[in-house]
Amino acid sequence: LSLHDALPIFVLAYLATLLYTGMRPQEALDLKWKDIDFVNSTIFVQRGKTPTARRKIPMFTSHYPIIKKFYDHRKNGDYFFLTDPEEFIFTHIVITKRQGHISKYVGTRLTQDYIRNRFQPFLQAIGEEGNGDLYMLRHTHASLLINVGASLDQIMQRMGHKNINTTIKNYGHW
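All of the points below concern the structure found in this document. Only a predicted model underlies this, so the values are computations on that prediction, with no experimental measurement involved. (Residues numbered from 1 in each chain as written. Predicted model: local features only at pLDDT ≥ 70, side-chain atom pairs only at ≥ 80, totals over all residues. Heavy atoms only, no water.)

### Quick word on unusual backbone geometry
- A positive phi angle is found at Ser41, which is not glycine, with a value near 50°.
- By the element assignment, Ser41 lies in the loop between β1 (36-37) and β2 (42-45). (Helix = DSSP H or I, 4+ residues; strand = E, 2+ residues; numbered from the N terminus.)

Here's what the structure looks like:
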């Protein structure tokens, strides 16, 4: 079982964004297309929970093709209207019907519960323990940064922490 077979593309793109950026789950859900600079491979977190959480995150080379493929999938398909710069990135499609006819497609924002309810069964299917807590991807990202030799200051900035003590408390034990 692979992620590509088990989960829709918008869920994959969201999970990849958490894993490759270290964003808080709600920060990623709050991203709009205008927050991504594909030319410079950068994501701007504009709606973080604190002023420090508002930050610029360079995309890893493994993340860029995933989010770009998702964007192209939306832009070149029936849901092109969901790539407007003001649209939230992580939406799913709801088809409204009126008198048995499709009247319009609507992009509905994803929620953490929606994602968790799809991610948790995937984890179980591949034999991983866990309850699908999306913060595990944020913590995995911090672990990856530590393993490649990032300093605590670099990790603090990338994770959007206000001070180094938060970073040390959460990730300093590695």
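### Looking at a nonpolar patch on the surface
- A surface patch of nonpolar side chains, amounting to about 200 Å² of accessible area, comprises Leu152, Ile164 and Ile168.
- With respect to the element layout, Ile164 can be found in helix α8 (residues 164-171). (Patch = residues over 30% accessible without salt bridge, like charges linked within 9 Å, V, L, I, M, F, W, Y side chains within 5 Å. Areas by Shrake-Rupley, 256 points an atom, 1.4 Å probe, with all protein chains shown as cover. Salt bridge = Lys/Arg side-chain N within 4 Å of Asp/Glu carboxyl O.)

### So, the packing of helix α2 (residues 9-21) against helix α4 (residues 64-75)
- Put simply, α2 and α4 touch, their axes get as near as 9 Å, and they point 150° apart. In terms of axis orientation, α2 runs roughly antiparallel to α4. The chirality of how α2 crosses α4 is left-handed. Facing Ile9, Phe10, Ala13, Ala16, Thr17 and Tyr20 of α2, the residues of α4 in contact are Ile66, Ile67, Lys69, Phe70, His73 and Arg74.
- When the residues that make up the contact of α2 with α4 are grouped by side-chain class, the tally is eight nonpolar, two polar and two charged. (Axes fitted to C-alpha atoms, helices over the stretch in contact; angles between N-to-C directions. Parallel < 35°, antiparallel > 145°, perpendicular 65-115°, else oblique. Left-handed = near helix turned anticlockwise from the far one by under 90°. Contact = heavy atoms within 4.5 Å. Nonpolar A, V, L, I, M, F, W, Y, C, P; charged D, E, K, R; others polar.)

### Some thoughts on the sheet that holds strand β3 (residues 55-58)
- Read from one edge of the open sheet, three strands run β1-β2-β3, paired in antiparallel fashion. Here the strands that pair on one side only, and so sit at the sheet edges, are β1 and β3. (Pairing = 2+ DSSP bridges.)

### Points about the side chain of Arg24
- Here Arg24 lies in the loop between α2 and α3 (25-29).
- Take Arg24: its relative accessible area is 9%, and that puts it in the buried class.
- Polar contacts involving the side chain of Arg24 include one to the main-chain carbonyl oxygen of Gly160, which spans 3.4 Å.
- Ignoring any residue separated from it by four or fewer positions in sequence, one finds Arg24 in contact with Leu18, Lys49, Ala53, Arg55, Tyr135, Arg138, Met159, Gly160 and His161. (Buried < 20%, exposed > 50% of the residue type's maximum accessible area, 1.4 Å probe, protein only. Polar contact = N/O pair within 3.5 Å; in protein donor to acceptor, adjacent residues only side chain to side chain.)

### Describing the environment of Arg54
- Relative to the helices and strands, Arg54 is located in the loop between β2 and β3.
- If near-sequence neighbours (up to four positions away) are discounted, Arg54 is found in contact with Val45, Gln46 and Gly48.
- For Arg54, the side chain forms a polar contact with the main-chain oxygen of Gln46, separated by 3.3 Å.

### Description of the pattern of salt bridges
- Per the stated rule, a full pass over the model turns up eight salt bridges.
- For Arg116, the salt bridge is made with Asp113, and the minimal N-O distance between the two is 2.5 Å. A residue pair is termed a helical-turn pair when its members lie 3 or 4 positions apart in one helix, as Arg116 and Asp113 do in helix α5 (residues 112-125) at three residues.
- Put simply, Arg24, Glu27 and Arg55 are held in one network by salt bridges that share partners.

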